[in-house]
Amino acid sequence: MNTPIISVKNLTKKYGDFVAVSNISFDVYEGEIFGLLGPNGAGKSTTLEIIETLRTKTSGTVTVNGLDLDSQANEIKKIIGVQLQSSGFYPGLNLIELINLFSGLYNEEVDALELLERVNLKDKAKAKYKELSGGQKQRFSIATTLINKPKIIFLDEPTTGLDPQARRNLWDLIQHIRNLGTTVIITTHYMDEAELLCDRVAIIDHGKIITIDAPDTLIDNLVSSGFEKPKIVKNANLEDVFINLTGHAIREE
Ligand code: ADP
Ligand code: MG
């Protein structure tokens, strides 16, 4: 247990004089769902994209599954799954054609229909990307991260803008992927989501990691420091009301 699959040491990224990521160090363990949390501009995407080999770093070392980012970036690319920007999804192609295109780029044989079934999009196989709902787009983009059977996938705000049903559906999918053995790194602005999904989170602000631990431990530490909620918490919140009234079923289909 707790074998690091990603080790980041003293990572710094400067854009000109501006320090976006400031000397951060952390490990991600094999098989966990690891959350990077922080306000807009904190440096989450920069950090992810450096590990994904998509952005250069200013200094520090990054190791992914024993591979060094500086000398073995091409080997790292083979074992990670990265969500593509939606602009990369050619508008005229259907989902099957897009998956076949990407699997060709990865040089990877893949059963496109089976992959779509895994993300619950089999009945959209002939649809074009632009015809999908927000939740379906996210599920498709997660499917594309799985094409090369990666050890680690990176999800940068996969649930931003989704309705409560689609968000829950994505949580199930992410947990399912992890349960099959894939390590997941995710960023999110939804703290309920991070609390439910993540084994550990790092909270990052102004390019620095402020704290890193299991959500439960962080909450317990805050409570034992004397923190009290300003008002009595009820046993349900408005989101519970919403889900209770409208159900878990996805509405986009
Ligand atoms: P987050 O994903 O946490 O919102 P980012 O990693 O995208 O934050 O950005 C961190 C900081 O770096 C922000 O202040 C952002 O404006 C700045 N930044 C990001 N990319 C660039 C870039 N290519 N050139 C200059 N500044 C950038
Ligand atoms: Mg970002």
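Summarised in this report is the structure supplied together with it. (Residues numbered from 1 in each chain as written. Chains lettered and ligands numbered in written order. Predicted model: local features only at pLDDT ≥ 70, side-chain atom pairs only at ≥ 80, totals over all residues. Heavy atoms only, no water.)

## A look at the site of ligand 1
Here is step 1: Contacts to ligand 1 come from Tyr-15, Phe-18, Ala-20, Pro-39, Asn-40, Gly-41, Ala-42, Gly-43, Lys-44, Ser-45, Thr-46 and Arg-55.
Here is step 2: Here an oxygen atom of ligand 1 sits 2.7 Å away from a polar atom, N or O, in the main chain of Gly-41.
Here is step 3: Those elements that place two or more of their residues in the shell around ligand 1 are β2 (18-29) and α1 (44-51).
Here is step 4: Here the shell around ligand 1 gets three residues from one element, more than from any other, and that element is α1. (Near = heavy atom within 4 Å. Polar contact = N/O pair within 3.5 Å; in protein donor to acceptor, adjacent residues only side chain to side chain. Helix = DSSP H or I, 4+ residues; strand = E, 2+ residues; numbered from the N terminus.)

## Topic: the layout of surface pockets
Here is step 1: As a volume, the largest pocket reaches approximately 390 Å³.
Here is step 2: Lining the largest pocket are 14 residues, with Glu-195, Pro-215, Leu-218, Ile-219 and Leu-222 positioned closest to its centre.
Here is step 3: Going through the elements one at a time, α7 (191-197), β9 (200-205) and α8 (215-224) are the ones with two or more residues in the lining of the largest pocket.
Here is step 4: For the lining of the largest pocket, the leading source of residues is α8, giving five residues.
Here is step 5: Taken together, the residues of the lining of the largest pocket sort by class into eleven nonpolar, no polar and three charged. (1 Å grid on protein atoms, 1.4 Å probe; cavity = no way out; pocket = protein on both sides within 12 Å on 5 of 7 lines; lining within 4 Å. Points joined across faces, edges and corners; volume = space filled by probe spheres on them. Nonpolar A, V, L, I, M, F, W, Y, C, P; charged D, E, K, R; others polar.)

## Overview of the pattern of salt bridges
Here is step 1: Under the criterion given, the structure shown has eleven salt bridges.
Here is step 2: Glu-193 is paired through a salt bridge with Arg-167; the nearest N and O atoms lie 3.1 Å apart. Within this pair, whereas Glu-193 is found in helix α7, its partner Arg-167 is found in helix α6 (residues 164-179), the two being separated by 26 residues in sequence. Judged on exposure class, the residue Glu-193 and its partner Arg-167 are both buried.
Here is step 3: Salt bridges here are not isolated pairs; linked through shared partners, they connect Arg-167, Arg-168, Asp-192, Glu-193 and Glu-239. (Salt bridge = Lys/Arg side-chain N within 4 Å of Asp/Glu carboxyl O. Buried < 20%, exposed > 50% of the residue type's maximum accessible area, 1.4 Å probe, protein only.)

## Looking at the nonpolar core
Here is step 1: Grouped together as the largest cluster of nonpolar side chains are 38 residues, with contacts concentrated most on Leu-116, Phe-140, Ile-174 and Ile-186.
Here is step 2: Elements represented by at least two residues in this core include exactly β3 (33-37), α3 (95-106), α4 (112-118), α5 (134-145), β7 (152-156), α6, β8 (183-187) and α7.
Here is step 3: If you tally residues by element for this core, the top one is α6, at six residues.
Here is step 4: Beyond its immediate sequence surroundings of up to four residues, Ile-174 is in contact with Ile-33, Ile-142, Leu-155, Pro-158, Val-184, Ile-186 and Leu-197.
Here is step 5: Formed by 27 residues, the second largest nonpolar core is a distinct cluster that contains Ile-50, Ile-51, Leu-67 and Ile-204. (Core = buried A, V, L, I, M, F, W, Y, C linked by side-chain atoms within 4.5 Å. Contact = heavy atoms within 4.5 Å.)

## With respect to the environment of Glu-97
Here is step 1: In this structure, Glu-97 sits in helix α3.
Here is step 2: A relative accessible area of 37% means that Glu-97 is categorised as partly exposed.
Here is step 3: In the structure, Glu-97 is positioned 135 residues away from Ile-232 in sequence and 53 Å away in space, judged by C-alpha atoms.

## Description of the sheet that holds β8
Here is step 1: Ordered in space as β6-β7-β8-β3-β9-β10, the six strands form an open sheet in which the pairing is mixed. Only two strands of the sheet have a single partner each, and these edge strands are β6 (80-82) and β10 (208-213). Put simply, the sheet's adjacent strands are angled 15 degrees from each other on average, direction ignored.
Here is step 2: Judged from the three bridges that link them, β6 and β7 form a sheet pairing that is parallel. From the neighbouring strand, Gly-81 faces β7, where its bridge partner is Ile-153. (Pairing = 2+ DSSP bridges. Axes fitted to C-alpha atoms, helices over the stretch in contact; angles between N-to-C directions.)

## Focus on unusual backbone geometry
Here is step 1: For Asn-107, which is not glycine, the phi dihedral falls at a positive 60 degrees.
Here is step 2: Along the chain, Asn-107 turns up in the loop between α3 and α4.
Here is step 3: Looking at Asn-107, the relative accessible area reads 71%, which means it is exposed.

## Digging into the pairing of strand β1 (residues 4-15)
Here is step 1: Strand direction decides the pairing type here: β1 and β2, joined by eight bridges, are antiparallel. Along β2, the bridge assignment pairs Ile-6 with Val-28.
Here is step 2: In textbook terms, the turn of a hairpin is the stretch between consecutive antiparallel strands, and for β1 and β2 this stretch comprises two residues, one of which, Gly-16, has a positive phi near 65 degrees.
Here is step 3: Two elements, β1 and strand β4 (residues 59-64), share five bridges in a ladder whose sense is antiparallel. Bridging across to β4, Val-8 finds its partner in Val-62.

Distances and angles like these do not, on their own, reveal function.
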